[in-house]
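One letter stands for each residue in the lines below.
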Amino acid sequence: MAKGEYIVSLDIGTSKVRAIIGELNGNSINVIGVGSAEGEGIRHGAIVDIDQTVQSIREAVDHAERMVGIHIASAYVGISGNHIELQSSHGVVAVSSQDREIGEEDIDRVLQQARVVALKPEREIIDVVAKEYIVDGLRGIMDPRGMLGVRLEVDAYLITGSRTAIHNVVRCVERAGIEVANLVLLPMAASTVALSADERKLGVALVDVGAGATSVTVFEHGVMVGTSIIPMGGDYVTHDIAIGLRTQTATAEQVKIRHGCASVDAASDAERFQIPRIGSHQEVEYTQYDLATIIEPRMQEIFSLVRKEIEKMGYLHDLPSGYVLHGGVMSMQAAGELAAAELQAPVRVAVPEFLGVRDPSFVNGVGIISHALRSQVRITQLETVTTSRPVKTGGGVFARFKDWLRDFI
Ligand SMILES: Nc1ncnc2c1ncn2[C@@H]1O[C@H](COP(=O)(O)OP(=O)(O)OP(=O)(O)O)[C@@H](O)[C@H]1O
Ligand SMILES: [Mg+2]
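Cut-offs and rules
- Residues numbered from 1 in each chain as written.
- Chains lettered and ligands numbered in written order.
- Predicted model: local features only at pLDDT ≥ 70, side-chain atom pairs only at ≥ 80, totals over all residues.
- Near = placed C-beta within 6 Å.
- Helix = DSSP H or I, 4+ residues; strand = E, 2+ residues; numbered from the N terminus.
- Nonpolar A, V, L, I, M, F, W, Y, C, P; charged D, E, K, R; others polar.
- Pairing = 2+ DSSP bridges.
- Axes fitted to C-alpha atoms, helices over the stretch in contact; angles between N-to-C directions.
- Contact = placed C-beta atoms within 7 Å.
- Domains from an automatic or database assignment.
- Parallel < 35°, antiparallel > 145°, perpendicular 65-115°, else oblique.
- Left-handed = near helix turned anticlockwise from the far one by under 90°.
- Core = buried A, V, L, I, M, F, W, Y, C linked by C-beta atoms within 7 Å.
- Buried ≥ 20, exposed ≤ 12 C-beta atoms within 10 Å, placed from the backbone.

1. Some details on the site of ligand 1
- Ligand 1 sits among 24 residues. The nearest are Gly 13, Thr 14, Gly 210, Gly 234 and Gly 328.
- Those elements giving two or more residues to the shell around ligand 1 turn out to be α6 (234-244) and α7 (249-259).
- Taken together, the residues of the shell around ligand 1 break down into five nonpolar, 15 polar and four charged.

Right, here's the structure in full:
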């Protein structure tokens, strides 16, 4: 595989592990390969069985490799979970150049400064996100490159995660024979394909309704300001259907995907299907309406929990761009409408624009590629601007990842 020609992403989800191959085309990408496998070793988005997860990763990667006919050596890997925390931080440096013009190297140094905080031993820094820069006391600067000054400060957020959770992800990917090019926080990745710059500036909630968990992330003034996980998703809906229709989980999942409708009002009486009942050979007939009476209350509960989470974050009345939803569950008929009714705000379902992945469950995987591409472009720029590479500090699993220091776009 020619280096730099392809970017591969891995989204290790509760229901599926997805590998996506993106081909670089100047400063943009084309999705050329997709592979997925059932995610057997994951519960609520966290790895609970390493061997099963390794196998799922290998299977997903094999699929994608076969589709494109290349060998995948390394991948950018998404990370999320309730162990993620944001922590405010501050950095200060003196501008280094003689003419006092602020360059990439100063920005790097100030962000590195912002990482120097006392962390609990079980925490690991995943990323540093600049909230604003301050040049000689002047606040509110988003991009200080080219400005004149002697003192450069940054107000930043550190994104930290549990050392064990991060270690487990890295270990699984490596045991599947793939080198981890970098870890990417999933909501950050998803935001690069799901949100416009305007939405991020004005205030928006990005919500990923997956199989085992629903993640809620708020962006304001262009940066992520809070993220949180609700341990409930599409698996609960499937479980409700299995109980309500007294059938196997696998049948319930199939029926949900084929006939599911999130809203009783939108469901049809004419759409009928038959399913085997547990413990008998008899088939029982139901309508989409019957199914919706089971699905609607659970979906309402998920969205009401999302609303509560936003309220806890203090943004309930402060989201001019409303909610942007993605994740497999948002493929369900009338899911967007139900969300809008429950959240009482503008709602949009995000779908990647590439052929083969036009589905809300691919936003994360495509987002990882697009996020990685942005950091790569930035690094290439950096390499041409600076002659001396900044010195890396700290140990831990992240010390090996070459671009994590600058991965703050
Ligand atoms: N057409 C559909 N209608 C209804 N539900 C669907 C449809 N397609 C997928 N789903 C549901 O979406 C969920 C999977 O979504 P997704 O692939 O985003 O989750 P994941 O990434 O595997 O899990 P998580 O993010 O929670 O770790 C499953 O519960 C699945 O049943
Ligand atoms: Mg997911």
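2. Quick notes on the sheet that holds strand β14 (residues 223-230)
- Read across the sheet, five strands follow the order β14-β13-β12-β17-β18 without closing on themselves; strand pairing throughout is mixed. Every interior strand has two partners, whereas the edge strands, β14 and β18 (347-349), have only one. Pairwise comparison of adjacent strand axes, ignoring direction, gives a mean angle of 20 degrees for this sheet.
- Examined bridge by bridge, strand β12 (residues 204-209) and strand β17 (residues 323-326) share four bridges and lie parallel to one another. Residue Ala 205 lies in a different strand from β17, and its bridge partner there is Tyr 323.
- Those strands touched by helix α4 (residues 186-194) are β12, β13 (214-220), β14 and β17, and its axis lies near 110 degrees from that of β12.
- Sitting on the sheet, helix α9 (residues 335-343) touches β17 and β18, and the angle it makes with β18 is about 155 degrees.

3. Brief notes about the sheet that holds strand β6 (residues 74-79)
- Taken in spatial order, the five strands line up as β3-β2-β1-β6-β11 in an open sheet, and their pairing is mixed. Each having just a single partner strand, β3 (28-38) and β11 (179-185) make up the two edges of the open sheet. Going across the sheet, the axis of each strand differs from the next one's by a mean of 25 degrees, ignoring polarity.
- Here two bridges tie strand β1 (residues 6-12) to β6, and the two strands are oriented parallel to one another. Note on β6: the bridge partner recorded for Ser 9 is Tyr 76.
- The strands that helix α1 (residues 50-68) touches are β1, β2 (16-25) and β3; relative to β3, the one it contacts most, it runs at about 135 degrees.
- In the packing of helix α3 (residues 163-175) onto the sheet, contacts are made with β1, β6 and β11, and the angle to β6 comes to roughly 150 degrees.

4. Things to note about the environment of Ile 107
- When you line up the elements, Ile 107 lands in helix α2 (residues 104-114).
- Apart from the residues lying within four places of it in its own chain, the contact partners of Ile 107 are Pro 144 and Arg 145.

5. Notes on the domain arrangement of the protein
- Here the protein is partitioned into domain 1 (85-161) and domain 2 (228-349).
- If you average the C-alpha positions of domain 1 and of domain 2, the two centres end up 43 Å apart.

6. Quick word on the packing of α1 against α3
- In contact at an axis separation of 8 Å, α1 and α3 are set at 55 degrees when each is read in the N-to-C sense. When the axis of α1 is compared with that of α3, the two are oblique. Note that α1 runs across α3; the crossing there is right-handed. Mapping the contact onto sequence places Ile 50, Thr 53, Val 54 and Ile 57 in α1 and Asn 168, Arg 171, Cys 172, Val 173 and Arg 175 in α3.
- Partitioned by chemical class, the residues of the contact of α1 with α3 number five nonpolar, two polar and two charged.

7. Re the nonpolar core
- Counting 113 residues, the largest nonpolar core has Ile 57, Ala 75 and Val 173 as the members making the most contacts within it.
- Examining the composition of this core, we find that nine residues originate from one element, helix α8 (residues 288-313), more than from any other.
- Split by domain, the residues of this core number at least three in each of domain 1 (85-161) and domain 2 (228-349).

8. Section: the pairing of β14
- Where β13 meets β14, seven bridges bridge the pair, whose relative direction is antiparallel. Pairing of Thr 217 across the sheet is with Thr 227, part of β14.
- Where β13 folds back on β14, the antiparallel hairpin that results is connected by two residues, among which His 221 adopts a positive phi of roughly 50 degrees.

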